[in-house]
Amino acid sequence: MAVDGIGAAVKRKEDFRFLTGRGNYTDDLARPGQAHAYVVRSQAAHATLGKIGTAKALKAPGVVAVFTGADLAADNIGGLPCGWGIKNKDGSAMHEPAHPVLAVGKVRHVGDPIAVVIAETLAQAKDAAELLDIDMKELPAVANMREALKPGAPVVHDGGSGNVCFDWHLGDADAVAAAFKKAHKVAKIDLVNNRLVANAMEPRAAVGEFDRATGEYTLYTTSQNPHVIRLLMGAFVLHIPESRLRVFAPDVGGGFGSKIYHYAEEAIVTWASAKVGRPVKWTAERSESFLSDAHGRDHVTHAELALDKDGKFLALKVDTLSNMGAYLSTFAPAIPTYLYATLLAGVYTTPAIYAEVKAIFTNTVPVDAYRGAGRPEAAFLLERLVDIAAAEMGMDRVEIRRRNFIPSNAFPYQTPVALQYDSGDYNATLEGALKLADYKGFEARRADAKKRGKLRGIGISTYVEACGIAPSNIAGALGARAGLYECANVRVHPTGSITLFTGCHSHGQGHETTYAQLIAERLGVGLDQIEVSHGDTNKIPFGMGTYGSRSLAVGGTAVVKALDKIVDKAKKIAAHLMEAAEADIEFKDGKFTVAGTDKAKTFGEIALTAYVPHNFPLDKLEPGLDETAFYDPKNFTFPGGAHICEVEIDPETGVTKVVNFTAVDDVGRVINPMIVEGQVHGGVAQGIGQALYENCVYDDNGQLRSGSYMDYQMPRADDLPSFKVATAITLCTHNPLGVKGVGEVGAIGSPPAVINAVVDALKDHGVRHIDMPASPQKIWGIINGNRRMAAE
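Residues numbered from 1 in each chain as written. Predicted model: local features only at pLDDT ≥ 70, side-chain atom pairs only at ≥ 80, totals over all residues. Heavy atoms only, no water.

### Side note on the overall build of the chain
Per the secondary structure count, the chain includes 21 helices and 30 strands. For 792 residues, the compact-globule formula gives about 28 Å, and the C-alpha radius of gyration of the chain, at 28 Å, lands near that figure. Each principal axis of the C-alpha distribution contributes one length, and for the chain these read about 85 × 75 × 55 Å. Counting all 792 residues of the chain, 62% fall into the buried class. Sequence separation of at least 24 residues holds for 80% of the intrachain contacts in the chain that already meet a minimum separation of 6. Carbon and sulfur atoms form 51% of the exposed surface of the chain, whose accessible area is close to 29700 Å². Side chains of the chain carry 81 positive and 91 negative charges; the gap between the two charge centres is 2 Å. (Helix = DSSP H or I, 4+ residues; strand = E, 2+ residues; numbered from the N terminus. Rg over C-alpha atoms; globule rule 2.2 N^0.38 Å. Buried < 20%, exposed > 50% of the residue type's maximum accessible area, 1.4 Å probe, protein only. Contact = heavy atoms within 4.5 Å. Areas by Shrake-Rupley, 256 points an atom, 1.4 Å probe, with all protein chains shown as cover. Lys, Arg positive; Asp, Glu negative; His and termini not counted. Charge placed at Lys NZ, Arg CZ, Asp CG, Glu CD.)

Structure representation (structure tokens):
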């Protein structure tokens, strides 16, 4: 193994530039002659949109141009496309209404873009926006999904079945019905998975630039997948050939899913730059991000679990309403369907499962993937229901899980909801977590808390997730409108240094380090000899970006395949130089040798020979040492784990404090333990945020009540304990690295562990369930019998 290769806790290469303020973010860009855009947004949740008078604004100081939806329509600009189609239960297509870049005829949520003002400075653009004469007439709005389904509810989009986008199902309803008839007990739950705002550290930004000499466009943007943006915007929105459209995502300050999608502002600045003949820049303000970035989660679910007399799960049925918001975001339909319902088996041997999902349009910001994307919703539902089942059966919460786990010798395991898990050991992760958390000593800690006037509880969560969504042909049959492979290009330079061009994008994951470790391990070169390049569609052949914990399982495997090609060619060159048969060439630790001899050539010598081919098998090989590989996975990967949370509640204030948190995860082979631990820390922090603090709230008129940090509470450092983190590894069986993925595990396992702990702490108050977030006012209301506060 190379010193800095697989398994080494190498410090991140990229951190020096970030910690010293040398990161290069989209908002840092100042292109020559750059103008500034301000997007005018609807303040009404639902309204007709008539004429927009621009004359006064155009005369304002510094104004370069003002554009409306009518201007885009006159230029044949298309709407924002949806990247995944879903079929209804009857086989018909989902309702897929148009999503204009700038609203035309109607606005459908607070924040819907109406116009864009371009000026010499942002302040001038803002001032001019106040001079627009906008003809709007407010209409009744609907923000609540149950209200949206009622007869006579305001209709967000004409032409469909009321506000239903699709009515989809998965599983065997007859088998589930038969199992429920045999049930000894049925556990039931009604729950809400609260709407969240991603709140990446860096707000979204975009700079569009048009080169009149070449007719080429460049978009600099805060994106997790630049090639997908180029494909969607070029082909469907602006109708620009990809050969004339460059998309470059430089350093990006976090994404959590919210920067996957193609947004209106990207198309606006790109198109407008050609219209005004200057680069055009837009950067969101934080309050604007609350109104323009896709939100996450937002499910309302009823679920029932049938059990036999021994506590074995017989069947599960789930009925979920999923909020799409006012429009279909890029991958929104996939989240509550194939990334949610397919995970409802969890880590258990439940033989029959049936899920029905209705996706609902409301007058709210569109909803799409947020860290975990469907998997946290499934895990929360299951782990809350399992705790309720344990209470119904009078069983220990640990024992009911053990009794229903998929055995470690049952893999590959086919679930009743389409997925086949390739590997796992759920007992191992649970036992590891119980030991690390000192589960046996909890009752003593509970008694001590009681003496101090506190209510202490402990919660368990065992989960599985699916990463690296694949393969492309199956995903395509299920509605995906893009491929799900990844690309890597490994370029060896004449002196033996290496540049990797990857189609994945790093926005905090540590790709520049982890990918370099893969190269160091395979080629035996130092990390300082390796550069990782990403984010620029002009440099990288193609790529699908970073989301769904795919960067190592999919992107890393593409890297390995390209490295194998490099080694194969290098062996041929080495065989020629050392006058040996290729079969006799061995490669280890950066050196090529002839088996059984002392003949040797370094990797650098072979690289130089490839580019200076004075002694080279030109009749058999081309000069150079540069290889590209594409990898389309055979299956998802399936990380899993066990999380245990301890909380203390102050009954006088209702404030919940997380005092201990333990996570033992199976993420497959670990490339860099330090990066893995950091990813788990970040995910757990976000999961605790959802469970206790964060909540995106709309009033009955579609106005966002939590549109700033004054009303939307984020977790802070002093809200979190020191986490205890460990791994219990089983290898993925269908990629050469054996990796599974780690980016989302913390956000999946933690919310149910926290809420299970809160419910445990409140068990003497008759609490069976509490919806997220478990805020102080909710808990105080429960303890003090205040039903109104308990319901908020």
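### Examining the domain arrangement of the chain
Taken as a whole, the chain is organised into domain 1 (15–21 + 485–631), domain 2 (31–139 + 201–254 + 259–292) and domain 3 (295–469 + 635–791). Once you take the C-alpha centre of each, domain 1 and domain 3 turn out to be 40 Å apart. Opposite the 18 residues of domain 1 that make contact, domain 3 presents 20 residues. Across the domain 1 to domain 3 interface the summed buried area is about 1300 Å²; carbon plus sulfur atoms make up 64%. When the buried area of domain 1 at its contact with domain 3 is split by residue, Ser 549, Leu 552 and Ala 553 rank highest and sum to 33% of it. Seen at the junction of domain 1 and domain 3, the total is six residue pairs in polar contact (both at pLDDT 80 or more). For the side of domain 1 that touches domain 3, the secondary-structure elements that each account for two or more residues are helix H15 (511–523) and helix H16 (551–577). Here the side of domain 1 that touches domain 3 takes six residues from H16, the largest share from any one element. Grouping the amino acids of the side of domain 1 that touches domain 3 by side-chain chemistry returns seven nonpolar, 10 polar and one charged. (Domains from an automatic or database assignment. Buried area = accessible area lost by both parts, 1.4 Å probe. Polar contact = N/O pair within 3.5 Å; in protein donor to acceptor, adjacent residues only side chain to side chain. Nonpolar A, V, L, I, M, F, W, Y, C, P; charged D, E, K, R; others polar.)

### Here we look at the sheet that holds strand E6 (residues 133–138)
Spatially, the three strands line up as an open sheet ordered E4-E2-E6, and their pairing is antiparallel. Edge positions in the sheet fall to strand E4 (106–107) and E6, since each has one partner strand and no second. Of the strand pairs in this sheet, strand E2 (residues 47–53) and E6 are connected by five bridges, and their pairing is antiparallel. Directly across from Thr 48, in E6, lies its bridge partner Lys 137. (Pairing = 2+ DSSP bridges.)

### Considering helix H8 (residues 264–276)
Between its first and last C-alpha, H8 extends 18 Å over 13 residues, near the 18 Å set by a 1.5 Å rise per residue. Most of H8 is tucked away: 12 of the 13 residues are buried. Buried within H8 are the following residues: Ala 264, Glu 265, Glu 266, Ala 267, Ile 268, Val 269, Thr 270, Trp 271, Ala 272, Ser 273, Ala 274 and Val 276. Downstream of H8 by one or two residues, Gly 277 has phi in the positive range, about 70 degrees. (Expected span 1.5 Å × (residues − 1).)

### Observations regarding the environment of Lys 599
With respect to the helices and strands, the residue Lys 599 is situated in the loop between strand E25 (591–594) and strand E26 (600–602). Residue classification places Lys 599 among the partly exposed positions, given a relative accessible area of 40%. The spacing of Lys 599 and Leu 621 is 22 residues in sequence and 22 Å in space, taken between C-alpha atoms. Excluding anything up to four places from it in sequence, Lys 599 contacts Met 578, Phe 592, Thr 593 and Val 594. Here the side chain of Lys 599 touches Met 578 through a polar contact of 3.3 Å, landing on its backbone oxygen.

### Focus: a nonpolar patch on the surface
On the surface, Leu 608, Tyr 611 and Val 612 cluster together into a nonpolar patch covering about 240 Å² of accessible area. Within the secondary structure, Leu 608 sits in helix H17 (residues 603–611). You can call Leu 608 partly exposed: its relative accessible area is 45%. (Patch = residues over 30% accessible without salt bridge, like charges linked within 9 Å, V, L, I, M, F, W, Y side chains within 5 Å. Salt bridge = Lys/Arg side-chain N within 4 Å of Asp/Glu carboxyl O.)

### Examining the pairing of strand E13 (residues 280–283)
Looking at chain direction, strand E1 (residues 35–41) and E13 are connected through two bridges and run parallel. Its bridge partner lying in E13, Ala 35 is registered against Val 280. The sheet contact formed by strand E10 (residues 205–211) and E13 spans four bridges and is antiparallel. If you follow Ala 205 over to E13, its bridge partner there is Thr 283.

### A closer look at the nonpolar core
Within the largest apolar cluster, 132 residues are counted, with the highest numbers of intra-cluster contacts made by Trp 84, Leu 344, Tyr 421, Phe 661, Ile 688, Leu 692 and Val 758. Sorting elements by how many residues they give to this core places helix H10 (residues 375–393) first, with 11 residues. In this structure Tyr 421 touches Ala 345, Gly 346, Ile 406, Phe 411, Pro 412, Tyr 413, Thr 415, Tyr 426, Val 464 and Phe 638, once residues within four positions along its chain are discounted. Ile 6, Tyr 515, Ala 553 and Val 560 belong to the second largest nonpolar core, which has 50 residues in total. (Core = buried A, V, L, I, M, F, W, Y, C linked by side-chain atoms within 4.5 Å.)

### Overview of the packing of aromatic side chains
The tally for this structure, following the rule as stated, stands at 22 aromatic pairs. Their ring planes at 40 degrees and their centres at 6.4 Å tell us that Trp 84 and Tyr 338 sit as a pair that is tilted. Of the two residues, Trp 84 sits in the loop between helix H3 (69–74) and E4 while Tyr 338 sits in the loop between strand E16 (313–325) and strand E17 (352–361), which places them 254 residues apart along the sequence. On the accessibility criterion, Trp 84 (4% relative accessible area) is buried. Ring geometry for Phe 587 against Phe 592: centres 4.2 Å apart, planes inclined by 25 degrees, an arrangement best described as stacked. The same class applies to Phe 587 and to Phe 592, which are both buried. When the ring centre of Phe 180 is taken as reference, the NZ or CZ atom of Lys 317 above it lies at 4.5 Å. (Phe/Tyr/Trp six-rings, centres within 6.5 Å; stacked < 30°, edge-to-face > 60°. Lys NZ or Arg CZ within 6 Å of the ring centre and 35° of its normal.)

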